[in-house]
Amino acid sequence: MAESTPVTVESVEVPVDVTVSSPASFIGFAETKKPKDCRKNIQSCSVNGKVVTADGEEHTFKYANCSYEVDGTAHSSRKGIQAALGKVTYKDCVMNVDFAHRPWGFGGGGGGGGGGGDGLVGG
């Protein structure tokens, strides 16, 4: 029986300035926070903070698994949050990123190309 090697995860927690349009991609921003000489990939990325409406009302904001939530209600995007709540600002946002090696065969390269077929055209 083959022995498995435990997966090591490197975790990073960084403050992030969030607006309706910035950063353009949380995953892209997370990639820039990879520790120096780290060759691992993003395993998970989440952001927690507050959304503040124009009248000063604070709501809990969460981004995880490519999904947005405000006070537990799902939204399609940060623009969707603004459409639902009006003009908003974000505050006290913190990004948590885990970096780990991909499992064997996931995200791999190559492949073998297409099959040959029988060579008959219009067959």
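A. A look at the environment of Thr32. Locating Thr32 in the fold gives a position in the loop between α1 (26-31) and β2 (41-53). In terms of polar contacts, Thr32 uses its side chain to reach the backbone carbonyl oxygen of Phe29, at 2.6 Å.

B. Expanded view of unusual backbone geometry. Of the consecutive residues Ser22 and Pro23, the connecting peptide bond is found in the cis state with omega at -10 degrees. By the element assignment, Pro23 lies in the loop between β1 (10-15) and α1. Even without glycine at this site, Cys66 takes up a positive phi of about 60 degrees. Along the chain, Cys66 turns up in the loop between β3 (58-64) and β4 (67-70). We note that Asp92 has phi near 55 degrees; this positive angle belongs to a residue other than glycine. Mapped onto the elements of the fold, Asp92 is located in strand β6 (residues 88-100).

C. Looking closely at the sheet that holds β6. The six strands lie next to each other as β1-β6-β2-β3-β4-β5, forming an open sheet whose pairing is antiparallel. With partners counted over all chains shown, the strands left at the sheet margins are β1 and β5 (73-75), one partner each. Each neighbouring strand pair of the sheet contributes to a mean axis angle of 20 degrees, computed without reference to strand direction. Judged from the six bridges that link them, β1 and β6 form a sheet pairing that is antiparallel. Among the inter-strand pairings, Val14 is bridged to a residue of β6, identified as Met95.

D. Summary view of the pairing of β4. Side chains Tyr68 and Val70 of β4 all project onto a buried face; the interleaved residues Ser67 and Glu69 project onto a face where none is buried. Strand direction decides the pairing type here: β3 and β4, joined by four bridges, are antiparallel. The residue bridging Lys62 from the neighbouring strand is Glu69, located in β4. Counting the residues that bridge the hairpin from β3 to β4 gives two residues, and of these Asn65 lies at a positive phi of roughly 55 degrees. Note that β4 and β5 share three bridges and pair antiparallel. Bridge pairing in β5 places Glu69 opposite Ala74. The hairpin formed by β4 and β5 contains two residues between the paired strands, and Asp71 there has a positive phi angle of roughly 50 degrees.

Conventions we followed
- Residue positions are given per chain, counted from 1 along the sequence in the order it is written.
- Where local features are concerned, this predicted model is filtered to residues with pLDDT of at least 70; where side-chain atom pairs are given and counted, the filter is 80 or more; whole-chain, interface and lining totals use all residues.
- As a rule here, side-chain values cover all heavy atoms of the structure and leave hydrogens and water aside.
- Counting from the N terminus, the helices are the DSSP runs of H or I reaching at least four residues and the strands are the DSSP runs of E reaching at least two.
- Whenever two N or O atoms come within 3.5 Å, that pair is a polar contact, provided that in protein one can donate a hydrogen and the other can accept it, and provided that, for residues adjacent in sequence, both atoms are side-chain atoms.
- When DSSP finds two or more bridges between two strands, those strands count as paired.
- Only the stretch in contact is used when a helix axis is fitted, and all axes are lines through C-alpha atoms; the angle between N-to-C directions ranges over 0 to 180 degrees.
- For every residue, the accessible area obtained with a 1.4 Å probe (protein chains only) is divided by the maximum for its type, and the residue is called buried under 20%, exposed over 50%, and partly exposed between those limits.

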